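One-letter residues, chain by chain:
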Amino acid sequence: MPEINAASMADIAFLLLIFFLMVTTIETDEGLSRKLPPMPEPNQEIISEVNKRNVFEVRVNSNDQLLVEGEYATIETLKELTKAFILNYGKKSNLSDNPQEAVVSLKNDRGTSYKIYIAVQNELAAAYNEIRNARARELFGSTFNEISEDEQEKIKDEFPMKISEAEPENIGGGK
């Protein structure tokens, strides 16, 4: 009875496996680039007292409407409102004492669209980027990205990006 020689079948399967591993692309998910604060030491006491004046509250409901400091706002005005809050230096009593104390608190509804979520994140980051760029031009005559790392750290210390994002919940305006 004739037999089929299967001795080279393992070699062929191995070569096909290697071929598919080499030519297949693996999709990577993209997300937001955020640097998380370091974990506190186990015996370190966490201080959660923040002066209400230094917290800039941004809320987004499930209808993609913004509520900034208790008043309706639009994406187009969010950056300017954020910059005014950060750069107040204690002048107005309802805005921050100084940029080092300023915290932006962002809270989304579970029904918020991803498009608005990203748009809000971009506007908040853009506010800090514009402030840092203006300060870099003032001090060093170049944009923030063009100056040295030491100079960047100096500006980051002066204008730290403090964006606190709370767990999404059902804020309202249901879809």
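Data block above holds the structure.
Nothing here was measured: the structure is a model prediction, and the numbers come from that model.

Asker: Any chance you could break down the nonpolar core for me, citing the residues and the numbers?
Answerer: Counting 24 residues, the largest nonpolar core has Phe 56, Val 58, Leu 66, Val 68, Leu 78, Ile 86 and Val 120 as the members making the most contacts within it. Where this core is concerned, the elements lending two or more residues are strand 1 (55-60), strand 2 (66-68), helix 2 (75-86), strand 4 (103-108) and helix 3 (114-140). If you tally residues by element for this core, the top one is helix 3, at six residues. Val 68 has contacts with Phe 56, Glu 57, Val 58, Ala 73, Leu 78 and Leu 81, leaving out every residue within four places of it along the chain.

Asker: Pulling in residues and values, what's your account of a nonpolar patch on the surface?
Answerer: Nonpolar side chains collect at one region of the surface, where Met 9, Ile 12, Phe 14, Leu 15, Leu 16, Leu 17, Ile 18, Phe 19, Phe 20, Leu 21, Met 22 and Val 23 lie side by side and expose about 1300 Å² of accessible area between them. Within the element layout of this structure, Phe 14 appears in helix 1 (residues 9-23).

Asker: Please give an account of helix 1 that cites residues and values.
Answerer: Look at helix 1: 21 Å from first C-alpha to last across 15 residues, which is about the 21 Å you get at 1.5 Å a residue. Among the 15 residues that make up helix 1, zero are buried, leaving the element largely open to the surroundings.

Asker: Report on the sheet that holds strand 3 (residues 71-73), specifying residues and quantitative values.
Answerer: An order of 3-2-1-4-5 is seen for the five strands of this open sheet, with the pairing classed as mixed. Only two strands of the sheet have a single neighbouring strand rather than two, namely strand 3 and strand 5 (163-165). Recorded for the sheet is a direction-independent mean angle of 30 degrees between the axes of neighbouring strands. Bridge count between strand 1 and strand 4: six bridges; the pairing is parallel.

Asker: Pulling in residues and values, what's your account of helix 4 (residues 149-158)?
Answerer: In an α-helix, one turn spans 3.6 residues; hence positions three or four apart end up facing the same way. Those residues of helix 4 that sit buried are Gln 152, Ile 155 and Glu 158. The buried residues of helix 4 occupy an angular sector of 120 degrees when the element is viewed end-on, so they sit on one face. Opposite the packed face of helix 4, turned more than 90 degrees from it, sit the exposed residues Glu 149, Asp 150 and Asp 157. Looking at the packing, one finds that the buried side of helix 4 touches helix 3.

Parameters at a glance
- Residues numbered from 1 in each chain as written.
- Predicted model: local features only at pLDDT ≥ 70, side-chain atom pairs only at ≥ 80, totals over all residues.
- Heavy atoms only, no water.
- Core = buried A, V, L, I, M, F, W, Y, C linked by side-chain atoms within 4.5 Å.
- Buried < 20%, exposed > 50% of the residue type's maximum accessible area, 1.4 Å probe, protein only.
- Helix = DSSP H or I, 4+ residues; strand = E, 2+ residues; numbered from the N terminus.
- Contact = heavy atoms within 4.5 Å.
- Patch = residues over 30% accessible without salt bridge, like charges linked within 9 Å, V, L, I, M, F, W, Y side chains within 5 Å.
- Areas by Shrake-Rupley, 256 points an atom, 1.4 Å probe, with all protein chains shown as cover.
- Salt bridge = Lys/Arg side-chain N within 4 Å of Asp/Glu carboxyl O.
- Expected span 1.5 Å × (residues − 1).
- Pairing = 2+ DSSP bridges.
- Axes fitted to C-alpha atoms, helices over the stretch in contact; angles between N-to-C directions.
- Arc of directions from axis to C-beta.

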